[in-house]
Amino acid sequence: MKDFDGQNPSAPSDPISAWRLRVIFFFFCAGFVYVAVGLSYRQLVQSVSLTEKSDNQGQRVVILPPSRGKIFDRNGYVLVDNRVRWSVKADLLALQPEFRKEYLALLKKEKDRFPDRRPDYDQLQQTARLNVLNAWLTKIWFVIDSTNQKAAKGTAKVKSTPDLHPEERMVHPDTLRKHLNERRALLFPLILDLAFPNSGHAVTSEEGNRSVARFIEQFPVQGPITLEADMVRSYPNGKLASHVLGYVRDTDILKGQLDDELAEKFANLQKLGYTGKKGADGIEATYNEVLSGHSGWEHWTKTSSGYNKERLEAKPPKQGADVALSLDTKIQKSAEEALAKIVDSQGKALPAAAVMLDVNTGEILALASQPSFDPNEMADRVTQAYFDQVNSEGGWLNRSTQGLYAPGSTFKLITATAGMRANKIDWDDILDCGPSYMVGGRAFPEHDPVGYGQVDLEKMLAVSCNVWNYQVGLRTGPENLAKEARRFGLDAPLLQKPAEHNNHSTTELPNPATRMVVPDRAYKQRIAGEPWTDGDTANTSIGQGYLLTTPLHMACLIASIARGETRTTPSIIHDPGRDGRHAGAEPIGLNTQQLNALREGMLRCVEEGTAKSVRIPGLPYAAKTGTSEYFKKGEKAHLAWIIGYAPADNPVVAFCVLVEGQLDTSTWGGKTAGPVARDMILAWRSAADEKDK
Amino acid sequence: MDNNRQGAKASYVALVFFTGLWMILPSAVRRFNREAFAEFQAPALHLVGKGRDLARYWELQSRSPEELVAAARDLARINAALELKIHSLDDARKENTRLREMLRYPQSTEFVTVVARVSVRETSSWWQRIIIRKGRSDGVRPGCPVVFGDRVIGRVSVVHLTTSEVDLVTSPGFRCTAFLEGDDQNHVVHVSGRAGLALSAPRAMVSIIPLGYNPPAGQIAKVMTTGLGGVFPSGLTLGTLETGVQTTSEKHMLTGALTPAKELSFIQEVSVLIPKYPTAGEILLTPADTGKAEEFR
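The structure displayed is predicted, hence computed values, not measured ones. (Residues numbered from 1 in each chain as written. Chains lettered and ligands numbered in written order. Predicted model: local features only at pLDDT ≥ 70, side-chain atom pairs only at ≥ 80, totals over all residues. Heavy atoms only, no water.)

A word on the overall build of chain B
As a reminder, the rule being used: A run of H or I in DSSP counts as a helix once it spans at least four residues, and a run of E counts as a strand once it spans at least two, with each numbered from the N terminus. Any residue under 20% of the maximum accessible area for its type is buried, any over 50% is exposed, and the rest in between are partly exposed; the area is computed with a 1.4 Å probe on protein chains only. What sets the accessible areas is the Shrake-Rupley method with a 1.4 Å probe; for residues, cover comes only from the shown protein chains.
Helix and strand counts for chain B come out as five helices and 13 strands. Counting all 297 residues of chain B, 34% fall into the buried class. Total accessible area on chain B stands at roughly 17,700 Å², and carbon and sulfur atoms take up 60% of it.

Remarks on the overall build of chain A
Counted only if it meets this: Contact definition: two residues touch when any of their heavy atoms are within 4.5 Å.
Secondary structure assignment for chain A yields 21 helices and 20 strands. The buried share of chain A, reckoned over its 693 residues, is 51%. Within chain A, contacts between residues at least 6 apart in sequence are counted, and of these 73% link residues at least 24 apart. Looking at chain A as shown, the accessible area adds up to about 32,600 Å², and 52% of this sits on carbon and sulfur atoms.

Let's talk about the pattern of salt bridges
Here is the rule we go by: We define a salt bridge as a side-chain nitrogen of Lys or Arg found within 4 Å of a carboxyl oxygen belonging to Asp or Glu.
Within the structure shown, the criterion is met by 47 salt bridges over all chains. When the shortest N-O distance is used, the salt bridge between Arg 98 of chain B and Glu 95 of chain B registers 3.0 Å. Placement of the pair is Arg 98 of chain B and Glu 95 of chain B together in helix 3 (residues 65-103), with a separation of three residues, close to one helical turn. We classify Arg 98 of chain B as partly exposed; its relative accessible area is 45%. Put simply, Arg 421, Glu 484, Arg 487 and Glu 586 of chain A are held in one network by salt bridges that share partners.

Considering the confidence of the model for chain B
Basically, it comes down to this: Values of pLDDT, which run from 0 to 100, indicate the predictor's confidence residue by residue.
A residue-level look at chain B finds 85% of positions with pLDDT of 70 or above and a mean pLDDT of 81. Contacts from residues 288-297 of chain B, a stretch scored under 50 in pLDDT, to residues over four places away or in other chains number 15 contacts.

Observations concerning the environment of Gly 661 of chain A
Residue and element names in this part refer to chain A. By secondary structure assignment, the location of Gly 661 is in the loop between strand 20 (653-660) and helix 21 (669-692). Gly 661 gets classed as buried once you look at its relative accessible area, which sits at 0%. Discounting chain neighbours no more than four positions away, the residues touching Gly 661 are Tyr 630, Lys 632, Ala 637, His 638 and Thr 667.

A closer look at the packing of helix 15 (residues 466-476) of chain A against helix 18 (residues 534-541) of chain A
Describing two packed helices takes the angle between their axes plus the distance from one axis to the other. Residue and element names in this part refer to chain A. We count it as follows: Fitted lines through C-alpha atoms serve as axes, helices being fitted only where they are in contact, and the angles separating the N-to-C directions of these axes extend from 0 to 180 degrees. Convention used here: angles under 35 degrees read as roughly parallel, angles over 145 as roughly antiparallel, angles from 65 to 115 as roughly perpendicular, and any remaining angle as oblique. Take the far helix as your reference; a near helix turned counterclockwise from it by less than a right angle gives a left-handed crossing, and one turned clockwise gives a right-handed crossing.
Helix 18 packs onto helix 15 with a crossing angle of 125° between their chain directions and a minimal axis gap of 8 Å. Here helix 15 lies oblique to helix 18, going by the angle between them. Crossing of helix 15 over helix 18 shows right-handed handedness. Of helix 18, the residues touching helix 15 (which contributes Asn 469, Tyr 470, Gly 473 and Leu 474) are Asp 534, Thr 537, Ala 538 and Ser 541.

Brief notes about the pairing of strand 8 (residues 203-210) of chain B
All names here are of chain B. Inclusion rule: Any two strands with at least two DSSP bridges between them are considered paired.
Counting buried positions over the eight residues of strand 8 gives seven, a clear majority of the element. One ladder, built from five bridges, connects strand 7 (residues 189-194) with strand 8; its direction is antiparallel. Counted as the bridge partner of Arg 194 is Arg 203 from strand 8. Where strand 8 lies against strand 12 (residues 253-260), five bridges are found, and the strand directions are antiparallel. Each bridged residue has a counterpart across the sheet, and for Val 206 the counterpart in strand 12 is Gly 256.

Section: the packing of aromatic side chains
All names here are of chain A. Heads up, the rule is: The rule is short: rings of Phe, Tyr and Trp, with Trp giving its six-membered ring, pair when the centres are within 6.5 Å, and they are stacked under 30 degrees, edge-to-face over 60, tilted in between. For a ring to carry a charge above it, either NZ of a lysine or CZ of an arginine must fall within 6 Å of the ring centroid while also lying within 35 degrees of the normal to the ring plane.
Considering all chains together, one arrives at 15 aromatic pairs over all chains under this definition. Between Phe 26 and Phe 27, the ring centres sit 5.6 Å apart and the planes meet at 70°, which makes this aromatic pair edge-to-face. In terms of burial, Phe 26 and Phe 27 fall into one category: exposed. Consider the rings of Phe 266 and Trp 297, whose centres lie 5.3 Å apart with planes at 70°: the pair is edge-to-face. Highlighted residues: Phe 266 in the loop between helix 8 (260-265) and strand 7 (270-273) and Trp 297 in strand 9 (residues 296-302), separated in sequence by 31 residues. An aromatic cluster is present here, built from Tyr 247, Phe 373, Phe 387 and Trp 396 joined pairwise through their rings. We note Arg 442 situated over the ring of Phe 444; from NZ or CZ to the ring centre the distance is 4.3 Å.

Laid out in structure tokens, this is it:
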């Protein structure tokens, strides 16, 4: 076909054009081949790895924290529980259109205001999100705060929520930024723990329930705002036994996050976790492995913006196991209430500790330490103000197991036992005890300025005669005193876990004291670089000097004496099958008369001696009081002690109470610590009577 | 042939045009259209209801005089009993008011009751809804509780001039708080409607039941409104908790199915409880009345 010029119109007009066409054709073909080969390579060779990569980018695993197990007392009374936490949350994916709309409005406003300036797009996005979320928060609080009740005449309008500063009801920019960076796929919490009074969102729990009900019944069902219920740690008795129970703190490392098979399956997927809880103190920490349970998980696809899209599969979390403690709530409560009554001149509760043990099994029935803290304050997130308050009061220290004190006159039981076992004194030997005793050229005083005259073992224990002990201590010698104290385990670590329960923590309660001191010549040489003197022996014989031990050790000592043995293995875990055997225990090594004299002396201490102000008519018990000295801010203050067991003729419980006196407060073993012991014994009696019924 | 093609083409163009137009119309116009359609539809709905009433009337006409006399006698007895009840309730109400005033206790939410006849039931597994013959002109407002005696039927979801749509207890749009009979500690539980599966009965669920809850021995536990949310008066029966409550996967909370207090498929007459003062949620749904929001703060 030719045109009117006789030329072929499809043919190139000149040779150069044809050459160009060929070059273009070549590059076109080469490009096509390149694309085809590339596509084939990706489809045929790389398809498996690319699919996997795509899955990894488009999917994630969300780890769900488990609920922790409960903690009970020996009678099945709940000490630590989990309660429902109602929280209002926002679905950020569903709010995307609102964010976008607000962002565009802000952008337009910004461009109108500063036409020459480049807007800060990130800041605008953040502001848009905050504006939208705060607008929703305002609506939520409007529904929760309002009441459609007509107030009765003369009454203020009913309001169920505390008055908060408006800023406290706004989303904090840092909180939102952190959530978007770390947990974008999860619902954003607008109000955490709506119904719980401690959270600051409700005045009382009833009003908290009212807030929840208002939200459920009045807020639109459909929409981006939802009310979620989950479980959080709850300590129904507040401060009760807080040092034993401990508290929990946030953790992102959750036990049993994924088992091995799933860990391999989801190896390359992004893993996102809700914040879980782990024990931070007390039983919550030492039995964390038991209480924790196992995490669950959800396998999600995600959007390009990083939000969760579709749930593919899931496994629910598994709750942790329960733990039964040996505590008896009634006795524990009475101990804490009695301790709270001991106050200084300003009416502030004195630092103190109280322990009660089952004489035969060693199970701890009460273990109190004052001041204490409310674990509920730590259940979600502790405020700095509360932490500082407890810290300034010294409330974190468990004085029963961690506090180290000179045992004072309660140590005279060891001096007497050591003297009798070393044949330096016998139960019926009478010593002349004046107002003081000269040791190394220095007069060591009696606490009664007149002295006690003719004193035997029983009288010594009843009146707590110092001079008797100086004489016996010097006769017995420091090595025998130390040996006897060690035989009773005064410097041995306590609360060790059995090997089979020895997971992560080797003790039943965290960090029990390990630096107890039973001094001897070598000790003083090491510490002070000086030789031991008779004065040191005299001091040690009345429980002063370098001696340091804990209230729990002293409770174990008296429980051992009550059984006629040397060691008691205390335990905070309740085991009904406990056989009453105690590690390292041996017979006390005194003859019947000596042991009876020791026990009779302690009975007389309550009936007519230093503890007579706290005797219980109809319930004879044995005790030994002590008032030792310690230095507080460079000045001498007193420690008040009482140890003992009840009933006197058939010991069932042993106890120890310690009170740290203050500079301006007079504290004495019988007068100050005695009432706590009496209340604990009465609580035990009442609990035992109830059980018998 | 060409004419047919052109006609089809014109139809598609018209469809696209009107769809587009609907999308760009101001929301007020669209709302007006919806309302207008509802009002246009209302007489038909009334007619359906009236037809059913007529059928019932003729059915009763066919009964023997003896049956009617017996029914009238029963009714008279019931009336007498109700008269007595009204009298005692009146006394109780007066005593309640006196005590509240004495204790300076705020008055509970007050309601005005409007009795309404059911026109249409949509009780398929998806739409658990009824339409009643009372609307805006009778004072009905969205969110009002709908009851039969002391039993909860549902809540008003949409209100037209003379009719209203009611979400039944089993509707996915229904939720409220409740107390369980036999729970001494009065834990607040959550009741919500669930869309049933095809051919299965719709149901409501009771969730967040505390683990330690035990229904009263040998009884079916009643589920009652709390009165805390400001929408439902307290003590109304939502239904009964079906036996065999399930623990959730974490064993910390229980969930159970709720059998509604009234057979919802056969309901003919209901009462709408209109709160004297609008709830905050109601104000929130009507953004035009922002002044009211301040008033009730």
